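# Working through the structure, step by step
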Amino acid sequence: MGNRNSSTAEGNQGEALETPVPSVILADDLQAEIVNAFQNKNVQLKWQNLQAQILANSENRVAKEELRKLHIDNEIEKWRTMNDAQQQALDDKVDSLRAQFADTEAALTFDVNKMEKKFQSVPKFGSGDSCLNTRNDLVSCYKSKADIRQCDAFAQAMELCTKQTVMSK
């Protein structure tokens, strides 16, 4: 009998250690619905995170593109400023050269007119048929020959004709 009591006591102690946990047994369809809702929440959370990441990437790309465009606009503005300065410098140089040319042309015209008045008997070249044939022969030779030394005879003839024409007038 002692064995029985001791085994009962041991059995009571084992049961005392193993206290029953209250549990709820769910119907299979209700449990499937809860699992499905939980999975849907996970999918929705992942989808929202993916959308947020896509939006953040898009905003970063747009911001980078705007910075790049701003940089390009700044470079273009710098180039335009530099180009305008260079164009202005070139325009000033052209105006200066035109003014200098006009001054030189006026001075030369004045000097030529003064010399013509001083030397009234100077022949006017380019008018008339002075040395026309010789001049045509020389030009034809220059055009047709690769080596202009072959035209030396025509050049000497032209020089002689010019001297005779100047001396005769």
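This section reports on the structure supplied with the text. (Residues numbered from 1 in each chain as written. Predicted model: local features only at pLDDT ≥ 70, side-chain atom pairs only at ≥ 80, totals over all residues. Heavy atoms only, no water.)

Another point: the nonpolar core. Core analysis: the largest hydrophobic core is formed by six residues, namely Cys-131, Leu-138, Cys-141, Cys-151, Met-158 and Cys-161. Counting residues per element, the ones that place at least two in this core are α3 (132-144) and α4 (152-168). Residues within four places of Cys-151 in sequence aside, it is in contact with Leu-138, Cys-141, Tyr-142 and Lys-145. (Core = buried A, V, L, I, M, F, W, Y, C linked by side-chain atoms within 4.5 Å. Buried < 20%, exposed > 50% of the residue type's maximum accessible area, 1.4 Å probe, protein only. Helix = DSSP H or I, 4+ residues; strand = E, 2+ residues; numbered from the N terminus. Contact = heavy atoms within 4.5 Å.)

The final tally for this structure, using the stated rule, is two disulfides. With its sulfur 1.7 Å from that of its partner, Cys-131 forms a disulfide with Cys-161. Its torsion about the S-S bond being -100°, the disulfide of Cys-131 and Cys-161 is classed as left-handed. Placement of Cys-131 in the loop between α2 (28-118) and α3 and of Cys-161 in helix α4 is noted, with a sequence separation of 30 residues between them. Cys-161 matches Cys-131 in its accessibility class, with the two residues each being buried. Each sulfur of the disulfide joining Cys-141 and Cys-151 lies 1.8 Å from the other. Linking Cys-141 and Cys-151, the disulfide has an S-S dihedral of approximately -95° and is accordingly described as left-handed. Here the residue Cys-141 occupies a position in helix α3, and Cys-151 occupies one in the loop between α3 and α4, the gap between them amounting to 10 residues. Cys-141 sits in the buried class, given a relative accessible area of 6%. Cysteines bonded in the chain are numbered consecutively along the chain; their disulfide partners then correspond to 1-4, 2-3. (Disulfide = S-S within 2.5 Å.)

Right, let's talk about a nonpolar patch on the surface for a bit. There is a patch of nonpolar side chains on the surface, built from Val-24, Leu-26, Leu-30 and Ile-34 and spanning about 360 Å² of accessible area. Structurally, Leu-26 can be placed in the loop between α1 (2-17) and α2. (Patch = residues over 30% accessible without salt bridge, like charges linked within 9 Å, V, L, I, M, F, W, Y side chains within 5 Å. Areas by Shrake-Rupley, 256 points an atom, 1.4 Å probe, with all protein chains shown as cover. Salt bridge = Lys/Arg side-chain N within 4 Å of Asp/Glu carboxyl O.)

On to the pattern of salt bridges, then. Considering all chains together, one arrives at four salt bridges under this definition. In this structure, Asp-147 and Arg-149 form a salt bridge, with 3.2 Å as the shortest nitrogen-oxygen distance.

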